[in-house]
Protein chains: 2
Amino acid sequence: MKKNTLILVIAILGISFMTYMMLSIGERKQEQAILNTAPIIKAEGIETRSDKWADAYPHQYDTWKQTAESNEIEDMVKKYPQLAILWAGYGFSKDYNAPRGHANALISNRSTLRTGAPTGPNDGPMPMACWACKSPDVPRLMQEHGELEYFTGKWARAGDEIVNPIGCGDCHSSQDAQLTITRPYLKRGLDAIGMTEDKITYQDMRSLACAQCHSEYYFKKTPYTDKDGKDQIAAVVTFPWAKGLAAEDMEEYYNEIEFKDWTNKMSKAPMLKAQHPGYEIFTTGVHFKRGLACADCHMPYTQKGAIKFSSHKIQKPLNDIANTCLTCHKQSEKEFKDIVQEKLDRKDQLNVIAMDNLAAAHLTAKKAWEVGATDAEMAPVLATIRSAQWLWDYSIASHGSFFHAPGETLRLLGVAGSKAQEARITLAGILANYGVINYQIPDISTKELAQQVAGVPFEKLVKAKLDFKKGLMQEWITDAKEDGRLTSTFVEDLPVKSAYPQN
Amino acid sequence: MKKNTLILVIAILGISFMTYMMLSIGERKQEQAILNTAPIIKAEGIETRSDKWADAYPHQYDTWKQTAESNEIEDMVKKYPQLAILWAGYGFSKDYNAPRGHANALISNRSTLRTGAPTGPNDGPMPMACWACKSPDVPRLMQEHGELEYFTGKWARAGDEIVNPIGCGDCHSSQDAQLTITRPYLKRGLDAIGMTEDKITYQDMRSLACAQCHSEYYFKKTPYTDKDGKDQIAAVVTFPWAKGLAAEDMEEYYNEIEFKDWTNKMSKAPMLKAQHPGYEIFTTGVHFKRGLACADCHMPYTQKGAIKFSSHKIQKPLNDIANTCLTCHKQSEKEFKDIVQEKLDRKDQLNVIAMDNLAAAHLTAKKAWEVGATDAEMAPVLATIRSAQWLWDYSIASHGSFFHAPGETLRLLGVAGSKAQEARITLAGILANYGVINYQIPDISTKELAQQVAGVPFEKLVKAKLDFKKGLMQEWITDAKEDGRLTSTFVEDLPVKSAYPQN
């Protein structure tokens, strides 16, 4: 090849590459420009189908889809069979798994044994409130029909309406894509602690979008008259924040209104179930106090070419230490992980102590009832058990509480365990008065044994569930697809997994 | 005044000021130069009199003297009367105060009821080992007579020899002023964990100088033949580090050699007393893991003109937050203090729970013995109480453990409280078998009541102590002054305070 030809070829290659790069940069700039114009996804109301946001927000949508990867089932009742006793008589004793990614929220909700096997729209066992955190279809229905109307009736009533898992429309306005609070109950909770709308900053919103669901709540029975003039009772999700966000504050709130979630089937104690007070315990920790928001660690900024965006693969920061923790904690990944592991081990140790003692307390109380203990004898013990279990549940029910507030978690686990043992000491006295000394609780060392003791009809529940999944649940999805409420094959094709056999 | 005169005056003033400044800078430079030459304080052995170091190290000496300011008595048995029960039959039930500054170490040691009221050199109750941490005269005597010889005999044997409180000679070589380990038992402890001399860095030394005393130890009975051919038994300070520095490691060490410090007078449990495992618990915390040494926070660098030196006013960093904590923790003093207070509150809560349950366990065990419980019944309970109290004591006996390792402290307090309650549950069963149900422990809500229950003859102890202070103790000081072992009026004039009345 002649020298000149070579130079020409190189020049052409160079020009081609530069042209490609310019075009590419131009494209990126265009993309960024689109983002900056805050495109309207839907003129009014809430666009619940995340796939409809994908054109305007491709990177956010792609990373959101990746939340589906977190789909392994970690059967917590198998890991800690004591749980079946702690929650005896309540749904969680049937089935309770570690949390999975946002995209899996709805299939988890439909699939868990806790939501039962309804056969029609008026069938239970759960109320409408049980969808509240699972889908942007929830605030859509509230806007369309009213909040009280939404919270009326059984879970199965809206199975064909609530079909898109936690997605864009849960946290972003469909009109301008800004962060927004779609759940009215969070607004009321914030009002109760004096955090009115005018005080809320953008950084606050980067936590409050999450706090809509990652919070403690109860279903407040609320009578009203519907549009047909009929008396109804709504079970309205309500945040028990009026006295503060600490475990003891909420306990005082619940005690004052004499609220109980259920009665433990073993001890007959009037129990509280902590949902997932993640936001609340986060506010007791040092990350919050230093001004961090949930999104800082769970949705780190990510660069793709010219585009900088917040990752919507919401997950535990430990999966991506280099881009989360280590941006502040200047140490090696190994050093960091070792310290975290040590902290986790401490939590696990106190957690097991608390659970063991709570289970023993419930079962010993059961024995006390059996041998003739009176209400007067049992009342103070049951109050202690209730308090112990609440503090325990608050401290670990929210996802990752230990990272959010390690000191507060250890304190609460310590106090919870101590109260459970205090109950056991009193029960030893009561039992002795009825001639029972050194009572040994039954063997609850496996999930099967513990569920048997707790009276969970596991196989029956599974059979009914499988029937529901083949029947009514399929109808819901078919209806939703036909009516255009569900348009994404991605959502439809998510794999179904469970802690029980699928056939 | 004429204009020229004014200019002249200003010029003269200016020149005078500059001359003064230059002289002053020269003086400082000279001082720094002296420091840099590492002057020999004493050609051989240990210069125990800190005032003899003052000429070469005036700033260090001045700040060391300021440790005397920390001299208030905080009566811990008054604050937590439970302690009298936890330590029943042991010195600490008589008198136990919060720590004071280094300069007060010796007067505290002589003044506490724990060291009793000896009337002559062969009198008890304590052994020579009880001086071990209190004075540079200790390593001096070891060098002069041998370590085993030092650890032989009663505390009163060397009252006239050990007269200089913790000072320069405890941590610095008198020959070159470098940091040095004067206590052979630390060297043996470090050997046991594989930290041989060649591996020790300067930064390590800035903690190990402190670890000589701020560590856990026991008195190991060691037979030997003295220079006169006589059989002797030394009670040698020994660090139980061979299995590691964590609470459970040391517990295993002690259990393996079936060691006990004493038998609790209430429960008859074979007890361990944690001394002050400050270094050990520090190694479980994040400050240590990030490479900090004790001196970084307790002896911050200070500037006086051209001289930069490490403050020897060793104290809690919270007294000087701006120059200690806040050099790394970038926040306001108010924010920082609030977070610390919250952490302290958590520790206090779990601490009180653990102490209350330990006291109840000891007293309930006492009752069980009284009603006829057998050794076989009691042995496992007593082992549990021993373990519980050890974990509790390890977690809080060292000064400021909670700042050194907040997570580990909470974990240990949680486990300790739980074990104490476990013992109480078992004891409830044992008592019921002997017909005692719902046993209520006696009132121990004040120091007086608790000491009465624990059988502490407080007034008798005080009377004897005051006699000792007027008698033998004065002789010691007179002798030491006459022989030149004590030369500082500063040391002599330190105010004597105590938790008991001084007359």
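Note: the structure precedes this text.
Described in the following lines is the structure provided in the data block. (Residues numbered from 1 in each chain as written. Chains lettered and ligands numbered in written order. Predicted model: local features only at pLDDT ≥ 70, side-chain atom pairs only at ≥ 80, totals over all residues. Heavy atoms only, no water.)

### Considerations on the overall build of chain A
Heads up, the condition is: Labels follow the DSSP assignment, with helices taken as runs of H or I lasting at least four residues and strands as runs of E lasting at least two, numbered in each case from the N terminus. The contact rule is simple, with two residues in contact once any of their heavy atoms fall within 4.5 Å. Accessibility throughout is a Shrake-Rupley quantity obtained with a 1.4 Å probe, and a residue counts as covered only by protein chains that appear here. Positive residues here are Lys and Arg, negative ones are Asp and Glu, while His and the chain termini are left out of the count. Think of each charge as sitting on NZ of Lys, CZ of Arg, CG of Asp or CD of Glu.
What chain A contains, in helices and strands, is 22 helices and six strands. Here the C-alpha coordinates of chain A stretch approximately 110 × 60 × 50 Å along the principal axes. Look at the contacts in chain A between residues 6 or more apart in sequence, and 73% of them connect residues 24 or more apart. Surface accessibility of chain A: about 23000 Å² in total, with carbon and sulfur atoms responsible for 55%. Chain A carries 59 positive and 62 negative side-chain charges, and their two centres are separated by 4 Å.

### Looking at the packing of helix 11 (residues 247-256) of chain B against helix 16 (residues 375-397) of chain B
Residues and elements named next belong to chain B. The following threshold applies: To obtain each axis, a line is fitted to C-alpha atoms, and for helices this fit is confined to the stretch in contact; angles are then taken between N-to-C directions over 0 to 180 degrees. The scheme is simple: roughly parallel for angles under 35 degrees, roughly antiparallel for over 145, roughly perpendicular for 65 to 115, oblique for anything else. Two helices crossing with the near one rotated counterclockwise from the far one by less than a right angle form a left-handed crossing, whereas a clockwise rotation gives a right-handed crossing.
Direction vectors running N to C along helix 11 and helix 16 enclose 135°, while the axes themselves pass 10 Å from each other. Judged by the inter-axis angle, helix 11 sits oblique to helix 16. Once helix 11 is placed against helix 16, the crossing between them reads as right-handed. Each of Ala247, Glu248, Met250, Glu251, Tyr254 and Asn255 in helix 11 lies in contact with helix 16, whose residues at this interface are Arg386, Ser387, Trp390, Leu391 and Tyr394.

### Thoughts on the pattern of salt bridges
Applied cut-off: The working definition used for a salt bridge is a side-chain nitrogen of Lys or Arg within 4 Å of a carboxyl oxygen of Asp or Glu. Partly exposed describes any residue whose relative accessible area lies between the buried limit of under 20% and the exposed limit of over 50%, with all areas from a 1.4 Å probe on protein chains only and scaled to the type maximum.
Summed over the entire model, instances satisfying the criterion amount to 54 salt bridges over all chains. Between Glu256(A) and Lys243(A) there is a salt bridge; the shortest N-O distance is 3.1 Å. Taken together, the residues Glu256(A) in helix 11 (residues 247-256) and Lys243(A) in the loop between strand 2 (231-238) and helix 11 connect sequence positions 13 residues apart. For Glu256(A), a relative accessible area of 55% puts it in the exposed group. Given the relative accessible area of 31%, Lys243(A) is considered partly exposed. Taking the shortest distance from any N to any O, the salt bridge between Arg411(B) and Glu248(B) comes out at 2.9 Å. Residue Arg411(B) is found in helix 18 (residues 406-433), and its partner Glu248(B) is found in helix 11; the two are separated by 163 residues along the sequence. Residue Arg411(B) is classed as buried on the basis of its relative accessible area, which comes to 7%.

### A look at unusual backbone geometry
Excluding glycine, residues mostly have negative phi values, and the peptide bonds linking residues are mostly trans. With an omega of 5°, the peptide bond between Gly124(A) and Pro125(A) qualifies as cis. Assignment of secondary structure puts Pro125(A) in the loop between helix 5 (105-111) and helix 6 (137-145). The phi dihedral of Glu258(B) is positive, around 50°, even though this residue is not glycine. Inspection of the secondary structure assignment puts Glu258(B) in the loop between helix 11 and strand 3 (262-263).

### Notes on the interface of chain A and chain B
Put simply, the test is: Note on definitions: buried area is the accessible-area loss of two parts on being combined, 1.4 Å probe, summed for both.
Facing 32 residues of chain A, the contacting portion of chain B comprises 32 residues. Here chain A packs against chain B, burying approximately 2700 Å² in sum over the two surfaces, 56% of which is carbon and sulfur. Among the residues of chain A in contact with chain B, Arg290(A), Arg346(A) and Ile425(A) are the three that bury the most area, contributing 21% of the side total. Put simply, chain A and chain B have four salt bridges between them.

### Overview of helix 18 (residues 406-433) of chain A
Because an α-helix completes one turn every 3.6 residues, residues spaced three or four positions apart along the sequence face the same direction. Quick reminder of the rule: Every helix has an expected span of 1.5 Å times one less than the residues it contains.
Spanning 28 residues, helix 18 of chain A covers 41 Å between terminal C-alpha atoms, matching the ideal 40 Å at 1.5 Å per step. In terms of residue burial, helix 18 of chain A counts as a mostly covered element, since 21 of its 28 residues are buried.

### Examining a nonpolar patch on the surface
Residue and element names in this part refer to chain A. Quick note on the threshold: Candidate patch residues must exceed 30% relative accessible area and have no salt bridge, after which like charges are joined if within 9 Å and Val, Leu, Ile, Met, Phe, Trp or Tyr side chains if within 5 Å.
Together, Phe17, Met18 and Tyr20 line one region of the surface with nonpolar side chains, adding up to about 390 Å² of accessible area. By secondary structure assignment, the location of Met18 is in helix 1 (residues 3-36). A relative accessible area of 54% means that Met18 is categorised as exposed.

### What to know about the relation of the copies chain A and chain B
Two copies of the chain are present, and they differ by a rotation about an axis and a shift along that axis. The cut-off we apply is this: In superposing the copies, a least-squares fit is computed on C-alpha atoms, taking residues whose pLDDT is at least 70 in both.
Structural alignment of chain A on chain B gives an RMSD of 0.1 Å, achieved by rotating through 180° and translating 0.1 Å along the axis. On this basis, the relationship between the two copies can be described by a two-fold rotation axis. Considering only C-alpha atoms, the residue of chain A closest to the rotation axis is Gly414(A), which sits at 2.4 Å. When the interface residues of chain A are mapped onto chain B, 100% of them again lie at the interface, so the same face is used by both copies.

### Quick word on the packing of helix 16 (residues 375-397) of chain A against helix 18 of chain A
Residues and elements named next belong to chain A. Spelled out, the test is: Any residue that is not Ala, Val, Leu, Ile, Met, Phe, Trp, Tyr, Cys, Pro, Asp, Glu, Lys or Arg is counted as polar, Gly included; the first ten are nonpolar and the last four charged.
The interhelical angle for the contact between helix 16 and helix 18, taken along N-to-C directions, is 160°, at an axis separation of 8 Å. Between helix 16 and helix 18, the angle falls in the class roughly antiparallel. The two elements helix 16 and helix 18 cross, and the hand of that crossing is left-handed. Two secondary-structure elements touch here, helix 16 through Glu377, Met378, Val381, Thr384, Ile385, Ser387, Ala388, Leu391, Trp392, Tyr394, Ser395 and Ile396 and helix 18 through Thr409, Leu412, Leu413, Val415, Ala416, Lys419, Ala420, Glu422, Ala423, Thr426, Leu427 and Ile430. A breakdown of the residues in the contact of helix 16 with helix 18 according to their chemical character gives 16 nonpolar, five polar and three charged.

### Concerning the state of the cysteines
Residue and element names in this part refer to chain B. What counts here: Counting rule for disulfides: a pair of cysteine sulfur atoms within 2.5 Å.
Under the definition given, this model contains zero disulfides over all chains. The cysteine Cys168 is free of any disulfide, with Cys171 supplying the nearest cysteine sulfur at 9.2 Å. Cys210 provides the cysteine sulfur closest to Cys171, a residue in no disulfide bond, and the two sulfurs are 6.4 Å apart. For Cys171, a relative accessible area of 22% puts it in the partly exposed group.

### Points about the side chain of Glu408(B)
Position of Glu408(B) among the secondary structure elements: in helix 18. Residue class for Glu408(B) comes out buried when judged on its relative accessible area of 6%. When neighbours within four sequence positions are excluded, Glu408(B) is seen to be in contact with Arg346(A), Ile281(B) and Thr284(B).

### A short note on the nonpolar core
Put simply, the test is: Side-chain atoms within 4.5 Å are what join buried Ala, Val, Leu, Ile, Met, Phe, Trp, Tyr and Cys residues into a set we call a nonpolar core.
In terms of nonpolar packing, the biggest core is built from 242 residues, with Trp131(A), Phe151(A), Trp392(A), Trp131(B), Phe151(B) and Trp392(B) touching the most fellow members. Once residues within four sequence positions are removed from consideration, Trp392(B) is found in contact with Leu83(B), Leu86(B), Trp87(B), Asn351(B), Ala354(B), Met355(B), Leu358(B), Leu413(B) and Ala416(B).

### Some words on empty space enclosed by the protein
As a reminder, the rule being used: Here the term cavity refers to a set of points on a 1 Å grid, laid over the protein atoms alone, in which a 1.4 Å probe fits but cannot get out; the term pocket refers to an open set having protein on both sides within 12 Å along at least five of seven lines, with lining residues being those that place an atom within 4 Å of a point. Grid points are joined across faces, edges and corners, and a volume is the space filled by probe spheres set on the points.
According to the stated counting rule, one finds two cavities of 30 Å³ or more in the structure shown. Around the largest cavity, the lining is made up of 16 residues, and of these Leu413(A), Gly414(A), Ser418(A), Gly414(B) and Ser418(B) lie nearest the centre. Looking at the lining of the largest cavity, the elements that each hand over two or more residues are helix 15 (333-370) and helix 18 of chain A together with helix 15 (333-370) and helix 18 of chain B. For the lining of the largest cavity, the per-class residue count stands at eight nonpolar, eight polar and no charged.

### Describing the environment of Gln331(A)
Put simply, the test is: Polar contacts here mean pairs of N or O atoms no more than 3.5 Å apart (in protein, one a potential hydrogen donor and the other a potential acceptor; neighbouring residues in sequence count only if both atoms are side-chain atoms).
Positionally, Gln331(A) belongs in the loop between strand 6 (307-310) and helix 15. Between the C-alpha atom of Gln331(A) and that of Leu486(A), which follows or precedes it by 155 residues, the distance is 46 Å. Not counting residues up to four positions away in its chain, the partners in contact with Gln331(A) are Leu326(A), Phe336(A), Ile339(A) and Arg290(B). In this structure the side chain of Gln331(A) is engaged in a polar contact, spanning 3.4 Å, whose partner is the side chain of Arg290(B).

### Re the environment of Glu280(A)
Residue and element names in this part refer to chain A. Tracing the backbone through its elements, the reader meets Glu280 in helix 12 (residues 278-282). Residue class for Glu280 comes out buried when judged on its relative accessible area of 0%. Considering only alpha carbons, one finds Glu280 and Leu472, 192 residues apart in sequence, at a separation of 37 Å. Discounting residues that sit within four places of it in the chain, Glu280 has contacts with His214, Ser215, Glu216, Trp241, Leu245, Met250 and Tyr394.

### Focus on the pairing of strand 2 (residues 231-238) of chain B
All names here are of chain B. Applicable threshold: By definition, two strands form a pair when at least two bridges between them are found by DSSP.
In this structure, strand 1 (residues 218-225) lies alongside strand 2, joined through eight bridges in antiparallel fashion. If you follow Thr225 over to strand 2, its bridge partner there is Asp231. The antiparallel hairpin formed by strand 1 and strand 2 contains five residues in its connecting segment, where Gly229 sits at a positive phi of about 80°.

### Some thoughts on the packing of aromatic side chains
Keep this limit in mind: Whether two aromatic rings pair depends on their centres lying within 6.5 Å, for rings of Phe, Tyr and Trp, where Trp uses its six-membered ring; planes under 30 degrees apart make the pair stacked, over 60 edge-to-face, and the rest tilted. Put simply, a charge is over a ring when the Lys NZ or the Arg CZ is close to the ring centre, within 6 Å, and near the line of the ring normal, within 35 degrees.
Overall, the coordinates contain 54 aromatic pairs over all chains when judged by the stated rule. Relative to Phe219(B), the ring of Tyr217(B) lies with its centre 5.9 Å away and its plane at 15°, an arrangement referred to as stacked. Taken together, Trp87(A), Tyr90(A), Phe92(A), Tyr96(A), Trp262(A) and Trp392(A) form an aromatic cluster joined through their ring pairs. Above the ring of Phe92(B), the side-chain terminus of Lys273(B) is found at 4.6 Å from the ring centroid.

### Focus on the pairing of strand 5 (residues 301-304) of chain A
All names here are of chain A. Direction of pairing for strand 5 relative to strand 6: antiparallel, over a ladder of four bridges. Paired with Tyr301 across the two strands is Ser310, which belongs to strand 6. Where strand 5 folds back on strand 6, the antiparallel hairpin that results is connected by two residues, among which Gly305 adopts a positive phi of roughly 60°.

### Overview of the side chain of Ser93(B)
Residue and element names in this part refer to chain B. Inspection of the secondary structure puts Ser93 in the loop between helix 4 (82-86) and helix 5 (105-111). Its relative accessible area of 2% is what places Ser93 among the buried residues. Here the side chain of Ser93 touches Trp87 through a polar contact of 3.5 Å, landing on its backbone oxygen. Ignoring any residue separated from it by four or fewer positions in sequence, one finds Ser93 in contact with Val77, Ala84, Trp87, Ala88, Gln451 and Val456.

So, to be careful, I would describe these as geometric facts and stop short of saying anything about function.
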